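Below are the chains, spelled out letter by letter.
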Number of protein chains: 2
Amino acid sequence: MHTYRGSRPTLEAVAAHAGVSRATVSRVVNGGRGVRAEVREKVRHSVEELGYVPNSAARTLVTRRTGAVAVVIAEPESRVFADPFFAQQLRGISRELAGHDTQLLLMMLERQKDYARIGRYLSAGHVDGALMFSLHGDDPLPAMALHSGLPAVFGGRPGWPGAEDDEDLLYVDTDNRNGARQAVAHLQERGRRKIAVINGPLDQTSAVDRLLGYCDALGCALQDTDPSLVAQGDFTAEGGERAMARLLDSSPDLDAVFAGNDLMASGALRTLRARGLRVPADVAVVGYDDLEPAAWADPPLTTVRQDVEDMGTMMAELLLRRIGLTDETAKTAPLAPVVTPATLVVRESS
Amino acid sequence: MHTYRGSRPTLEAVAAHAGVSRATVSRVVNGGRGVRAEVREKVRHSVEELGYVPNSAARTLVTRRTGAVAVVIAEPESRVFADPFFAQQLRGISRELAGHDTQLLLMMLERQKDYARIGRYLSAGHVDGALMFSLHGDDPLPAMALHSGLPAVFGGRPGWPGAEDDEDLLYVDTDNRNGARQAVAHLQERGRRKIAVINGPLDQTSAVDRLLGYCDALGCALQDTDPSLVAQGDFTAEGGERAMARLLDSSPDLDAVFAGNDLMASGALRTLRARGLRVPADVAVVGYDDLEPAAWADPPLTTVRQDVEDMGTMMAELLLRRIGLTDETAKTAPLAPVVTPATLVVRESS
């Protein structure tokens, strides 16, 4: 382990230059929470002036960094491994973390009591920060993590009460509502008149936003949607299969379906095939995500693309900046949530 | 957190009864390493006599347990998520750990420098033990973990020099050599005379043992195998695809192939189909693992079954016992490696 004495300016030099304590410099360099804006500016000025570059190995010694970041996915192993969304986002996260010599620790959870266990581990100082995914509305974990003072970034906009007003909250999401609106508008342009929707779990903001986008395109309020055209799924292929069957029972003359993700859309394709319906001649199908199952589907799925791997990279970047592990102290872009655009990808299913 | 005073006997009571120190009782209860056999027996006798049940929450306080176990897979995310072997083994591990209120931390690695980072994390006291998978011959990680004193259990028999003589080494494996022998013997019984083999990476003992089983069935020594019938794969479907192509180029009249796992076998099926060869009429195919791709393959694969989820459970059990986290102090079965039997499953590809 090196400490880089000599030509490189030290934390002490920055403290002396700014006329503040070493601890204050350290706090600012590590994300700046709990330091007055005025003092923060003074320190940043000195950092820039002296050309101070925080060294993560040395910093580990000073701040007792662990060199690891937890990725918490509030889903069981079987679901995490079955959904390419997670594999691809993890790839982006892990590359970005590795580039900053930080280890990814993946934690998945199955039952209520797993929350308490994970909460204990996160609070006990074993990780420098956490990336949290697939959180459902009533999830106690973010509160645990935030109370413990652990830097955190969320995958998808958090939906708990008060989340909107929390200016410190960081997340990366895609523009779900606009993406869904594009998908349904596309079906309308193809002349479809009776368009059904298969939702993801509505305790997740992504599922709610995609449903709202469906309503936007149809030009009706959520409460005015035709209940015989709305079916509940759970983001799995099996859930999509069952939801499609219920829709065909309640609305045998539907001519299109928008599914909240590609897995549910591929389940819907299976049900349509089993009932002898042609896609898209009888029923057009659009998914969401543009992950591998979309291109492999038979017929290949029209879907809404979000760049999942990139979103993983962005989450890791935000977290590393909040922890203060990126050597970009001079970077002036504020730490803020990121919402990436969604793009319609037209294939043969519509 | 509870300490269970009153009717339940304490660690102190056991120490007094056995006439040893509290620390000695704690060591014995936590796995018994570094305590003379005679003293260990005395303590175990007292534990049994008093009906002492270690309480893991209380024990965490005493021994500074972290409540977490690392699962280290020496493969990148893309491979771990593409191979159902890992998902299924993780399911077994995670269930068993959750049953003992212990959190699974999954770490995957891609590049050489990841080893040092993971080694540091494992040595820094952030986990109670480690389960390690898919270790290649020259892997520095087991040595790092063992030197740090971290209890460890390996998935698959370790192959580094000296591993055979290390009586403390714990691992769970399947009888790879016998499984492969059965697979090839089955092909011989079906009248196949020119049987090729696609190997996994030969720096893993499972791949070497399966190759040796192939030789056993053919009744020849490793060095006497026909090189035009042996192709190297990497346990991926793409690797199997390419290996099968090379085999058909070097031995166009081969009538069977044994692949070291189901993924490579499914890749081989793709190549055979692309070359217009019928399975099994022209070429019989046998895989290894009996995971989902085997039953889904077209035609469904004959393969060698190992109970992967159970093996995960066994690994976690062994580790929890070594750490001393199972309430089975009275259990007399010695801590030893487990080798599970392998069973041929005949389907339509042979």
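The shown structure was predicted, so the numbers you read here are calculated from the model rather than taken from an experiment.

S.K.: Before we move on, could you go through the pairing of strand β5 (residues 171-174) of chain A and cite the residues and values that matter?
M.R.: All names here are of chain A. Across the two faces of β5 the burial is the same, with Tyr171 and Asp173 and Val172 and Thr174 all buried. Direction of pairing for β5 relative to strand β11 (residues 338-340): parallel, over a ladder of 3 bridges. Bridging from a neighbouring strand, Asp173 pairs with Val339 of β11.

S.K.: Break down the interface of chain A and chain B for me, citing the residues and quoting the values.
M.R.: Many descriptions give the size of an interface as the accessible area lost when the pieces come together. Across the boundary between the two partners, chain A contributes 31 residues, which contact 31 residues of chain B. Each partner contributes to the roughly 2700 Å² buried at the junction of chain A and chain B, and carbon and sulfur atoms together form 54% of this total. On the chain A side of the contact with chain B, Phe81(A), Gln103(A) and Arg117(A) bury the most area, a combined 25% of that side's loss. In this structure, the connection of chain A to chain B is made through 4 salt bridges. In this assembly, chain A and chain B are joined by 11 residue pairs in polar contact (both at pLDDT 80 or more). Of the residues that constitute the side of chain A that touches chain B, the class distribution is 14 nonpolar, 7 polar and 10 charged.

S.K.: For the nonpolar core, give the residues involved together with the corresponding values.
M.R.: Within the largest apolar cluster, 58 residues are counted, with the highest numbers of intra-cluster contacts made by Val71(A), Leu106(A), Val71(B) and Leu106(B). Once you skip the residues sitting within four places of it in the chain, Leu106(B) turns out to touch Phe81(A), Leu104(A), Leu105(A), Leu106(A), Met108(A), Val71(B), Ile73(B) and Leu90(B). Of all hydrophobic cores here, the second largest spans 48 residues; its members include Tyr121(A), Ala152(A), Val72(B) and Trp160(B).

S.K.: Which residues make up the confidence of the model for chain A, and what are the values?
M.R.: In this model, chain A carries an average pLDDT of 87, and 91% of its residues clear a pLDDT of 70 or more. Contacts of residues 1-7 of chain A to residues separated by more than four positions or lying in other chains number 5 contacts, the stretch itself having pLDDT below 50.

S.K.: An account of the sheet that holds strand β6 (residues 195-199) of chain B is requested, with residue identities and associated values reported.
M.R.: All names here are of chain B. Within the open sheet, the 4 strands sit side by side as β7-β6-β8-β9. Their pairing is parallel. Each edge of the open sheet is held by one strand with a lone partner, namely β7 (230-232) and β9 (284-286). This sheet shows a mean twist of 20° between the axes of neighbouring strands, independent of strand direction. In the packing of helix α9 (residues 176-189) onto the sheet, contacts are made with β6, β8 (256-259) and β9, and the angle to β8 comes to roughly 170°. Sheet strands touched by helix α10 (residues 205-218): β6 and β8. Its angle to β6, the strand with the most contacts, is close to 170°.

S.K.: Can you lay out the packing of helix α11 (residues 237-250) of chain A against helix α12 (residues 262-274) of chain A for me, pointing to particular residues and giving the numbers?
M.R.: Residues and elements named next belong to chain A. Following both chains from N to C, one finds α11 and α12 inclined at 50°, their axes separated by 6 Å at the closest point. In terms of orientation, α11 lies oblique with respect to α12. Judged by the twist between their axes, the crossing of α11 over α12 is right-handed. In this structure, α11 contributes Ala237, Glu238, Gly240, Glu241, Met244, Ala245 and Leu248 to the contact, and α12 contributes Leu263, Met264, Ser266, Gly267, Ala268, Arg270, Thr271 and Leu272. Looking at side-chain class alone, the contact of α11 with α12 contains 8 nonpolar, 4 polar and 3 charged residues.

S.K.: Mind laying out the side chain of Thr205(A), listing which residues take part and the relevant values?
M.R.: Residues and elements named next belong to chain A. Here Thr205 shows up in helix α10 (residues 205-218). At a separation of 2.6 Å, a polar atom in the side chain of Thr205 contacts the main-chain carbonyl oxygen of Arg157. Sequence-distant contacts of Thr205, defined by excluding residues within four places in its chain, comprise Arg157, Pro158, Gly159 and Asp173.

S.K.: I'd like a description of the domain arrangement of chain A, backed by residues and values.
M.R.: Residues and elements named next belong to chain A. Taken as a whole, chain A is organised into domain 1 (11-63), domain 2 (68-174 + 309-340) and domain 3 (176-307). In this assembly, domain 2 packs against domain 3 so that about 1400 Å² is buried in total across both faces, 46% of it on carbon and sulfur atoms. For the pair domain 2 and domain 3, the interface holds 1 salt bridge. At the boundary of domain 2 with domain 3, the tally comes to 9 residue pairs in polar contact (both at pLDDT 80 or more). Elements with a minimum of two residues in the side of domain 2 that touches domain 3: α5 (77-82), α6 (84-99), β5 and α14 (308-323).

S.K.: Tell me about the pairing of strand β3 (residues 129-133) of chain B, residues and numbers included.
M.R.: Residue and element names in this part refer to chain B. Taking burial as the measure, the 5 residues of β3 include 5 buried ones, the bulk of the element. Where burial is concerned, the two faces of β3 agree: the one with Gly129, Leu131 and Phe133 and the one with Ala130 and Met132 are both buried. As paired elements, strand β1 (residues 68-73) and β3 share 5 bridges and run parallel to each other. Looking at β3, one finds that Val72 is bridged to Met132. Relative to strand β4 (residues 152-155), β3 runs parallel, the two sharing 4 bridges. In the sheet register, Leu131 faces β4, and the bridge partner there is Val153. Following the backbone out of β3, through helix α8 (residues 141-147) and into the adjacent parallel β4, one traces a crossover that is right-handed.

S.K.: Quick rundown of the relation of the copies chain A and chain B? Include the residues and the values.
M.R.: When chain A is brought onto chain B, the operation consists of a screw motion whose angular component is 180° and whose axial shift is 0.1 Å, with 0.3 Å RMSD remaining. With respect to symmetry, the two chain copies, as superposed, fit the operation of a two-fold axis. Rotation axis and chain A: the residue whose C-alpha lies nearest the axis is Leu106(A), separated from it by 2.3 Å. An overlap of 100% is found between the interface residues of chain A and their copies at the interface of chain B, pointing to a shared contact surface.

S.K.: Outline the packing of helix α1 (residues 11-18) of chain B against helix α2 (residues 22-29) of chain B, listing residues and values.
M.R.: Residues and elements named next belong to chain B. Where α1 meets α2, the axes come as close as 8 Å, and the angle between the chain directions of the two elements is 105°. As summarised for this structure, α1 and α2 are arranged roughly perpendicular, according to the angle between their axes. The segment α1 lies against α2, with Leu11, Glu12, Val14 and Ala15 engaging Arg22, Val25 and Ser26.

S.K.: Can you lay out the sheet that holds strand β6 (residues 195-199) of chain A for me, pointing to particular residues and giving the numbers?
M.R.: Strand pairing in a sheet relies on backbone hydrogen bonds, with the paired strands running either antiparallel or parallel. Residue and element names in this part refer to chain A. If you walk across this open sheet you meet the 4 strands as β7-β6-β8-β9, and the pairing is parallel. Each edge of the open sheet carries a strand with a single partner, namely β7 (230-232) and β9 (284-286). Each strand axis lies, on average, 20° off the axis of its neighbour in the sheet, ignoring direction. Relative to the sheet, helix α9 (residues 176-189) contacts β6, β8 (256-259) and β9, its axis offset from that of β8 by approximately 170°. Lying over the sheet, α10 contacts β6 and β8, oriented at roughly 170° with respect to β6.

S.K.: With reference to specific residues and values, describe the packing of aromatic side chains.
M.R.: Given two aromatic rings, one states the distance between the centres and the angle between the planes to describe the pair. Enumeration over the complete set of coordinates arrives at 7 aromatic pairs over all chains. Where Phe86(A) meets Phe133(A), the ring centres are 6.2 Å apart and the plane angle is 90°; that geometry is what we call edge-to-face. In this pair, Phe86(A) sits in helix α6 while Phe133(A) sits in strand β3 (residues 129-133), placing the two residues 47 residues apart along the sequence. Here Phe86(A) matches Phe133(A) in class, with each residue buried. Taken together, a centroid distance of 5.2 Å and an interplanar angle of 75° make the contact between Phe154(B) and Trp160(B) edge-to-face. In terms of burial, Phe154(B) and Trp160(B) fall into one category: buried. One aromatic cluster in this structure is built from Phe85(A), Phe86(A) and Phe133(A). Geometry around Tyr288(A) places Arg210(A) over its ring, the cationic atom sitting 3.8 Å from the centre.

Cut-off values and rules
- All residue numbers refer to positions counted from 1 along the written sequence of the respective chain.
- To read the labels, note that chains go from A and ligands from 1, taken in the order they are written.
- Per-residue local features are limited, in this predicted model, to residues with pLDDT of at least 70; the limit for side-chain atom pairs, both in listing and counting, is 80 or more; totals at the level of whole chains, interfaces and linings are taken over all residues.
- Excluding hydrogens and water, the side-chain values take into account all heavy atoms of the structure.
- Per-residue accessibility, obtained with a 1.4 Å probe over protein chains only, is compared with the maximum for each type, and a residue is labelled buried under 20%, exposed over 50%, and partly exposed between these values.
- Secondary structure elements follow DSSP: runs of H or I of four or more residues count as helices, runs of E of two or more count as strands, with numbering from the N terminus.
- The pairing criterion for strands is at least two bridges between them, as found by DSSP.
- Throughout, a contact is declared for two residues whenever any of their heavy atoms are within 4.5 Å.
- The term buried area denotes the loss of accessible surface (1.4 Å probe radius) that occurs when two parts are joined, taken as the sum for both partners.
- By definition here, a salt bridge exists when the distance from a side-chain nitrogen of Lys or Arg to a carboxyl oxygen of Asp or Glu is within 4 Å.
- N or O atoms within 3.5 Å of each other form a polar contact, as long as, within protein, one can give a hydrogen and the other can take it, and as long as residues adjacent in sequence are counted only when both atoms are side-chain atoms.
- Residues are grouped as follows: Ala, Val, Leu, Ile, Met, Phe, Trp, Tyr, Cys and Pro are nonpolar; Asp, Glu, Lys and Arg are charged; all remaining types, including Gly, are polar.
- Residues belong to a common nonpolar core when they are buried Ala, Val, Leu, Ile, Met, Phe, Trp, Tyr or Cys residues joined through side-chain atoms within 4.5 Å.
- The predictor attaches a confidence to each residue, called pLDDT, with possible values from 0 through 100.
- To get an axis, a line is fitted to the C-alpha atoms, and for a helix only the part in contact is used. The angle between two axes follows their N-to-C directions and goes from 0 to 180 degrees.
- Roughly parallel here means an angle under 35 degrees, roughly antiparallel means over 145, roughly perpendicular means 65 to 115, and every remaining angle is called oblique.
- For any helix crossing, the convention is left-handed if the near helix is rotated counterclockwise from the far helix by under a right angle, and right-handed if that rotation is clockwise.
- The split into domains, and so the bounds of each, comes from an automatic or database assignment of domains.
- With the strands pointing away from the viewer, any crossover whose connection runs clockwise from the first strand over the helix to the second is right-handed.
- Superposing the copies works by least squares over the C-alpha atoms of residues that have pLDDT at least 70 in both of them.
- What counts as a ring pair is set by centres within 6.5 Å for rings of Phe, Tyr and Trp (its six-membered ring), and what kind of pair is set by the plane angle: stacked under 30 degrees, edge-to-face over 60, tilted for all other angles.
- Think of it as a cone above the ring: NZ of Lys or CZ of Arg counts as a charge over the ring if it is within 6 Å of the ring centre and within 35 degrees of the ring normal.

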